[in-house]
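Coordinates in review
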Amino acid sequence: MPVRVQDAGFDFGAEMSAFSENRENVGAVVGFLGLVRDDTGTLEALEIEHYPGMCESAIAAMVEEARARWDLADALVIHRHGRLAVGAQIMMVATAARHRVAAFEAAEFLMDYLKSRAPFWKKEVSRDGDSWVAAKDADEDALSRWQG
Amino acid sequence: MLDIVYFAWVRERIGLPRERVETSAATVLDLVTELRAREPRYEAAFADTSALRVALDQQLAGFDAPLAGVREVAFFPPMTGG
C-alpha cells in the first residue's frame with residue numbers, strides 16, 4: 001500500500017505497469033492521473049504547499065479506510081508538491097481488486113478524500129498575480145456520499 | 001512549550017512557518033484567543049476561525065479540542081489537494 005509524497009515527477013505508464021504486474025487474484029486495475037489545468041488561459045503554474053509527515057499519515061489512513069470498505073488487493077497514491085507548470089502531472093491513484101466496481105469506487109473514494117482531507121494547498125501563479133485556491137463546496141459535498 | 005505551524009495564507013498573514021510558544025491554553029480556542037491578542041497580523045489570520053482548520057500532532061481536530069499532551073498544533077485553510 002505505498003503512499004509517496006514527493007517533489008519529483010513520476011512516470012504514470014511505468015507506475016501502472018509495475019502496479020499491475022505479478023497479480024494473481026486481481027481482475028481489475030484502475031488508474032487516475034491528475035494534471036495541472038489552466039481554466040483561464042493565464043495560469044503559469046501551481047505551487048503546492050504540503051504538511052510533511054501529516055500528508056503521508058493522512059493518505060495512509062484514507063487507504064486503510066478504502067481497504068476496510070472494499071475488497072482491494074492493493075492501492076498506490078503518489079502526490080507531488082512544489083512548483084508545477086500547466087500540463088504537469090500532480091498526482092495519481094491506482095487501485096487493484098478482484099472486480100472492477102471495487103477498483104473504480106475505491107479510486108473515486110481516495111480522490112474525493114485527497115481533495116479535501118490531505119494537507120496540501122494549491123496556489124495559482126498566473127500572469128494576473130498569485131492566489132490561493134479556495135476549497136470548493138462541491139468537493140466537500142463529494143465526501144457526503146461516502147458518509148453515513 | 002508548544003510548536004505551532006502555519007500553512008498557506010495563514011503562514012503568509014502571520015509571516016512565519018513555525019514558532020514555539022509558552023502557553024497555558026487548555027484548548028485550541030484558548031490558544032487562538034491568546035494569539036489574536038498578540039499582534040494585528042495574528043488577529044488578521046485568526047479573525048474568522050470558520051475559514052480555518054486545525055491539526056493536533058498531525059491529526060485533524062476541532063477548535064474545542066484540549067491541548068493537554070499535544071506537542072504540535074497546525075493552523076491552515078481548508079485543504080486543496082488532488
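The name given to chain B in an unreviewed UniProt entry is Molybdopterin synthase sulfur carrier subunit, with the source organism recorded as Rhodobacter viridis.

By the naming in an unreviewed UniProt entry, chain A is Molybdopterin synthase catalytic subunit, taken from Rhodobacter viridis. Heading Pathway (unreviewed entry) of the UniProt record for chain A holds this comment: "Cofactor biosynthesis; molybdopterin biosynthesis." Recorded in UniProt for chain A, the comment headed Catalytic activity (unreviewed entry) runs: "2 [molybdopterin-synthase sulfur-carrier protein]-C-terminal-Gly-aminoethanethioate + cyclic pyranopterin phosphate + H2O = molybdopterin + 2 [molybdopterin-synthase sulfur-carrier protein]-C-terminal Gly-Gly + 2 H(+)".

1. Focus on the layout of surface pockets
Space inside the largest pocket adds up to approximately 550 Å³. Forming the boundary of the largest pocket are 30 residues, of which Arg37(A), Leu46(A), Lys115(A), Lys122(A) and Lys136(A) lie nearest the centre. Only strand S2 (28-35), strand S3 (43-50), strand S6 (89-97), helix H3 (100-117), strand S7 (120-126) and strand S8 (129-132) of chain A provide two or more residues apiece to the lining of the largest pocket. Tallied by class, residues from the lining of the largest pocket come to 12 nonpolar, nine polar and nine charged. Along the walls of the second largest pocket sit Lys115(A), Ser116(A), Arg117(A), Ala135(A), Lys136(A), Asp137(A), Asp139(A), Glu140(A), Arg53(B), Leu60(B), Pro78(B) and Met79(B), which together make up its complete lining. Taken together, the elements giving at least two residues each to the lining of the second largest pocket come down to H3 and helix H4 (137-144) of chain A.

2. Things to note about the sheet that holds strand S5 (residues 82-85) of chain A
Hydrogen bonds along the backbone pair up the strands of a sheet, which may run parallel or antiparallel. All names here are of chain A. One open sheet accounts for four strands, arranged S5-S3-S7-S8; its pairing is antiparallel. Bordering the open sheet on either side are S5 and S8, each of which pairs with just one other strand. The average angle at which neighbouring strand axes cross in this sheet is 25 degrees, direction not considered. Sheet analysis places S3 next to S7, joined by seven bridges and oriented antiparallel. Following the sheet pairing, Glu 47 is matched in S7 by Lys 123.

3. Some words on the interface of chain A and chain B
Counting from both sides, the interface comprises 25 residues of chain A and, opposite them, 19 residues of chain B. For the chain A and chain B pair, buried surface summed over both sides reaches about 1700 Å², with 57% attributable to carbon and sulfur atoms. Counting across the interface, chain A meets chain B through two salt bridges. Two residues, Arg11(B) and Glu49(A), come together in a salt bridge whose shortest N-O distance is 2.5 Å. For the interface between chain A and chain B, the tally reads 14 residue pairs in polar contact (both at pLDDT 80 or more). The element that contributes the greatest number of residues to the side of chain A that touches chain B is H3(A), accounting for five residues. Among the residues forming the side of chain A that touches chain B, the class breakdown is 15 nonpolar, five polar and five charged.

4. Some words on unusual backbone geometry
Most peptide bonds take the trans form, and the phi angle of most residues other than glycine is negative. Residues and elements named next belong to chain B. The phi dihedral of Asp 57 falls on the positive side, at around 50 degrees, and the residue is not glycine. Along the polypeptide, Asp 57 turns up in the loop between strand S3 (53-56) and strand S4 (59-61). Its identity is not glycine, yet Gln 58 carries a phi of approximately 70 degrees, on the positive side. Following the sequence through the fold, Gln 58 ends up in the loop between S3 and S4.

5. Overview of the nonpolar core
Core analysis: the biggest nonpolar cluster contains 37 residues, and Ile59(A), Trp70(A), Val93(A), Leu110(A) and Leu114(A) have the highest contact counts within it. Secondary structure elements with two or more residues in this core: strand S1 (3-6), S2, S3, helix H2 (54-69), strand S4 (72-80), S6 and H3 of chain A. Per-element accounting of this core gives the leading share, nine residues, to H3(A). The residues contacting Leu110(A), other than those within four sequence positions of it, are Met62(A), Val63(A), Ala66(A), Ala75(A), Val93(A) and Thr95(A). In terms of nonpolar packing, the next biggest core, distinct from the first, is built from 35 residues, Leu31(B), Leu35(B), Leu56(B) and Val73(B) among them.

Definitions and limits used
- Residues numbered from 1 in each chain as written.
- Chains lettered and ligands numbered in written order.
- Predicted model: local features only at pLDDT ≥ 70, side-chain atom pairs only at ≥ 80, totals over all residues.
- Heavy atoms only, no water.
- UniProt positions renumbered as here; feature names shortened; annotations may be inferred.
- 1 Å grid on protein atoms, 1.4 Å probe; cavity = no way out; pocket = protein on both sides within 12 Å on 5 of 7 lines; lining within 4 Å.
- Points joined across faces, edges and corners; volume = space filled by probe spheres on them.
- Helix = DSSP H or I, 4+ residues; strand = E, 2+ residues; numbered from the N terminus.
- Nonpolar A, V, L, I, M, F, W, Y, C, P; charged D, E, K, R; others polar.
- Pairing = 2+ DSSP bridges.
- Axes fitted to C-alpha atoms, helices over the stretch in contact; angles between N-to-C directions.
- Contact = heavy atoms within 4.5 Å.
- Buried area = accessible area lost by both parts, 1.4 Å probe.
- Salt bridge = Lys/Arg side-chain N within 4 Å of Asp/Glu carboxyl O.
- Polar contact = N/O pair within 3.5 Å; in protein donor to acceptor, adjacent residues only side chain to side chain.
- Core = buried A, V, L, I, M, F, W, Y, C linked by side-chain atoms within 4.5 Å.
- Buried < 20%, exposed > 50% of the residue type's maximum accessible area, 1.4 Å probe, protein only.

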